[in-house]
There are 2 protein chains.
Amino acid sequence: MTTSFTEENYLKTIYHLNTDENGTVSTNAISESLHTKAASVTDMLKKLADKELINYAKYQGVTLTEIGKQKAITIIRKHRLWEVFLVDKLSFKWDEVHDLAEELEHINSEILINRLDEFLNFPEKDPHGDPIPDKNGILKSQELITVAKMNIGEHGKISGVREHSKDFLQYLEKTGLTLGCEIHIIDKITFDGAVVVGINQIEQTISREVAKNILISL
Amino acid sequence: MTTSFTEENYLKTIYHLNTDENGTVSTNAISESLHTKAASVTDMLKKLADKELINYAKYQGVTLTEIGKQKAITIIRKHRLWEVFLVDKLSFKWDEVHDLAEELEHINSEILINRLDEFLNFPEKDPHGDPIPDKNGILKSQELITVAKMNIGEHGKISGVREHSKDFLQYLEKTGLTLGCEIHIIDKITFDGAVVVGINQIEQTISREVAKNILISL
DNA sequence: TATAATTTTTAGGCTTGTCTAAAAATAGGG
DNA sequence: CCCTATTTTTAGACAAGCCTAAAAATTATA
Ligand SMILES: [Mn+2]
Ligand SMILES: [Mn+2]
Ligand SMILES: [Mn+2]
Ligand SMILES: [Mn+2]
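Residues numbered from 1 in each chain as written. Chains lettered and ligands numbered in written order. Predicted model: local features only at pLDDT ≥ 70, side-chain atom pairs only at ≥ 80, totals over all residues. Heavy atoms only, no water.

**Student:** For this particular structure, what's the right way to read the protein's contact with DNA strand C?
**Tutor:** By nearness alone, 23 residues border DNA strand C, and Tyr56(A), Lys58(A), Ser4(B), Ser40(B) and Lys47(B) come closest of all. Per the 4 Å cut-off to the protein, sugar and phosphate atoms form 75% of the nearby atoms of DNA strand C. At a separation of 2.9 Å, a phosphate oxygen of DNA strand C approaches a polar backbone atom of Asn28(A). The contact in question runs from a phosphate oxygen of DNA strand C to an N or O atom on the side chain of Thr42(A), over 2.8 Å. Listed by contribution, the elements that provide at least two residues to the surface near DNA strand C are helix 2 (27-34) and helix 3 (38-50) of chain A together with helix 1 (5-21) and helix 3 (38-50) of chain B. (Near = heavy atom within 4 Å. Polar contact = N/O pair within 3.5 Å; in protein donor to acceptor, adjacent residues only side chain to side chain. Helix = DSSP H or I, 4+ residues; strand = E, 2+ residues; numbered from the N terminus.)

Below, the structure written as structure tokens:
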């Protein structure tokens with residue numbers, strides 16, 4: 001069965017909301033995420049349930065079926081591979097690729113995406129540190145924690161971000177908090193949750209909001 | 001003003017029909033080409049006329065306005081560059097790329113397409129020998145004639161095709177009538193229009209239908 | 001546990017792009 | 001120049017996705 005552009009965006013959104021919050025996904029959460037109204041979401045949920053891509057019971061929230069999950073993972077695979085292409089081959093910056101990948105992810109061809117994967121040398125992570133599912137839909141995710149959760153004195157490597165907005169990525173770029181950098185916690189301000197970090201021999205203070213959106217591997 | 005996926009396909013079709021047949025384009029020609037019904041075409045023509053992308057007078061056929069023409073050329077540029085990418089970088093065959101390019105051509109980003117152009121080293125032709133418009137929409141087309149129009153004894157180089165179907169391209173591939181080959185006319189059968197050609201020291205007979213769809217530069 | 005607030009669904013409508021059937025315009029042959 | 005065949009347009013419908021307003025269900029609160 002074919003899925004439309006729009007249906008694919010719903011599946012992907014449900015997948016992300018589900019793994020982030022882990023449980024069933026609410027109508028409102030989807031509508032916020034996709035910038036549509038709750039009533040529109042209900043309409044679509046009925047359609048996706050008919051196609052057996054989600055498990056849906058009125059008022060109870062939704063989860064993806066196995067098929068729906070695989071579809072979502074395929075879209076994510078395409079999204080992330082296109083991002084790698086744009087950055088590695090066309091020299092886009094990591095903050096410039098999201099919207100383009102958002103369109104490219106709907107190009108429908110298994111051969112194309114597998115060839116692209118090969119052309120890019122089977123990358124394991126996208127430009128934001130997110131893992132790329134392989135052609136069988138298998139996704140090996142690494143245990144990462146946020147800077148906000150680290151303790152004074154701990155060391156780690158910046159390995160991902162929880163927020164993909166241009167604003168945020170550009171801020172990280174400007175302050176040198178880029179993927180792969182070694183970071184250590186110098187101090188944590190109890191008053192406002194700000195964190196003083198050491199990076200490239202420089203001391204820097206980042207807000208709690210920022211600290212919550214940088215992911216670290218220890 | 002933005003144009004939808006569908007509107008773009010109409011513009012491109014009108015452009016091709018117009019330059020092929022040179023004059024105004026009829027409702028039926030468009031409907032055949034796009035596999036839609038004439039009534040649907042009329043609806044769309046009204047919309048495109050409102051947007052000033054075509055000149056349309058009831059029952060009189062249509063032509064593109066300058067803006068419409070530029071839009072069409074941009075889509076063709078994208079189509080052909082993506083085809084080059086698929087063949088040169090992802091090792092697709094020339095008969096496998098058309099449908100994918102048909103989707104990719106609607107990805108909407110000037111920067112992306114200019115970066116792609118650069119990445120591909122500013123190719124002048126696509127895998128089917130068709131010229132690629134430059135970033136200013138300028139298209140240098142070469143004078144080409146069909147094999148059917150050549151005379152006995154004439155020589156030339158295969159430089160393009162007038163038919164892009166998988167079937168036709170695979171036939172050419174199989175019989176060695178590929179882009180760049182030198183060809184000469186050995187005989188022409190008056191009965192059915194078949195042409196006996198010499199190619200790579202081999203003598204071969206091709207039907208009139210095939211001869212009409214191979215383009216030659218003298 | 002009753003009431004209030006919030007979330008979700010239903011009802012009814014709109015736009016885009018498609019269709020079929022029927023009407024209108026144009027083009028061709030005698 | 002008229003009648004017929006063909007082309008094109010109009011009329012009316014439908015599916016997909018979206019919306020607003022109102023109703024129903026759920027959850028929170030006193
Ligand atoms: Mn998307
Ligand atoms: Mn990413
Ligand atoms: Mn297309
Ligand atoms: Mn081509």
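**Student:** Before we go on, may I ask you to explain the coordination of the manganese ion (ligand 3) in this structure?
**Tutor:** All names here are of chain B. Those donors, Asn9 (OD1), Glu102 (O), Glu102 (OE), Glu105 (OE) and His106 (NE2), are the protein atoms that reach the manganese ion (ligand 3), and they lie 2.1 to 2.8 Å from it. Mapped onto the polypeptide sequence, the residues donating to the manganese ion (ligand 3) form the spacing pattern N-x92-E-x2-E-H. Here Glu102 lies in helix 5 (residues 98-104) and Asn9 lies in helix 1, a separation of 93 residues in the sequence. Classification of Glu102 as partly exposed rests on a relative accessible area of 22%. (Donors = N, O, S within 2.8 Å, 3.2 Å for Na, K, Ca; no water. Buried < 20%, exposed > 50% of the residue type's maximum accessible area, 1.4 Å probe, protein only.)

**Student:** Can you walk me through the coordination of the manganese ion (ligand 1) in this structure?
**Tutor:** Under ideal tetrahedral coordination, the four donors around a metal are separated by 109.5 degrees; under ideal octahedral coordination, the six donors are separated by 90 or 180 degrees. With distances of 2.2 to 2.8 Å, the protein atoms coordinating the manganese ion (ligand 1) are Asn9(A) (OD1), Glu102(A) (O), Glu105(A) (OE) and His106(A) (NE2). Donor residues for the manganese ion (ligand 1), ordered by position in the chain, follow N-x92-E-x2-E-H.

**Student:** Please explain the protein's contact with DNA strand D as it appears in this structure.
**Tutor:** With respect to spatial proximity, 23 residues lie near DNA strand D, and among them Ser4(A), Ser40(A), Lys47(A), Tyr56(B) and Lys58(B) are the closest. Counting only the atoms of DNA strand D within 4 Å of the protein, the fraction contributed by sugar and phosphate is 77%. Tyr10(A) is positioned such that a nitrogen or oxygen atom in its side chain is 3.4 Å from a phosphate oxygen of DNA strand D. Those elements giving two or more residues to the surface near DNA strand D turn out to be helix 1 (5-21) and helix 3 of chain A together with helix 2 (27-34) and helix 3 of chain B. No other element matches the five residues that helix 3 of chain A contributes to the surface near DNA strand D. Among the residues making up the surface near DNA strand D, the classes are represented as eight nonpolar, 10 polar and five charged. (Nonpolar A, V, L, I, M, F, W, Y, C, P; charged D, E, K, R; others polar.)

**Student:** When you look at the pattern of salt bridges in this model, what are you seeing that I'm missing?
**Tutor:** Proximity of charged atoms lets side chains of opposite charge pair with each other. Applying the stated criterion across every chain yields a total of 16 salt bridges over all chains. The closest approach of N and O atoms between Lys51(A) and Glu7(A), which form a salt bridge, is 3.1 Å. In this pair, Lys51(A) is assigned in the loop between helix 3 and strand 1 (54-56) and Glu7(A) in helix 1, connecting sequence segments 44 residues apart. Take Lys51(A): its relative accessible area is 21%, and that puts it in the partly exposed class. Lys47(B) is the partner of Glu7(B) in a salt bridge, and the nearest nitrogen-oxygen pair spans 3.4 Å. One end of the pair, Glu7(B), is in helix 1; the other, Lys47(B), is in helix 3, and 40 residues separate them in sequence. Looking at Glu7(B), the relative accessible area reads 2%, which means it is buried. Here the salt bridges share partners, and the residues they tie into one network are Glu7(A), Lys47(A) and Lys51(A). (Salt bridge = Lys/Arg side-chain N within 4 Å of Asp/Glu carboxyl O.)

Don't take any of this as a statement about function, it's just geometry.
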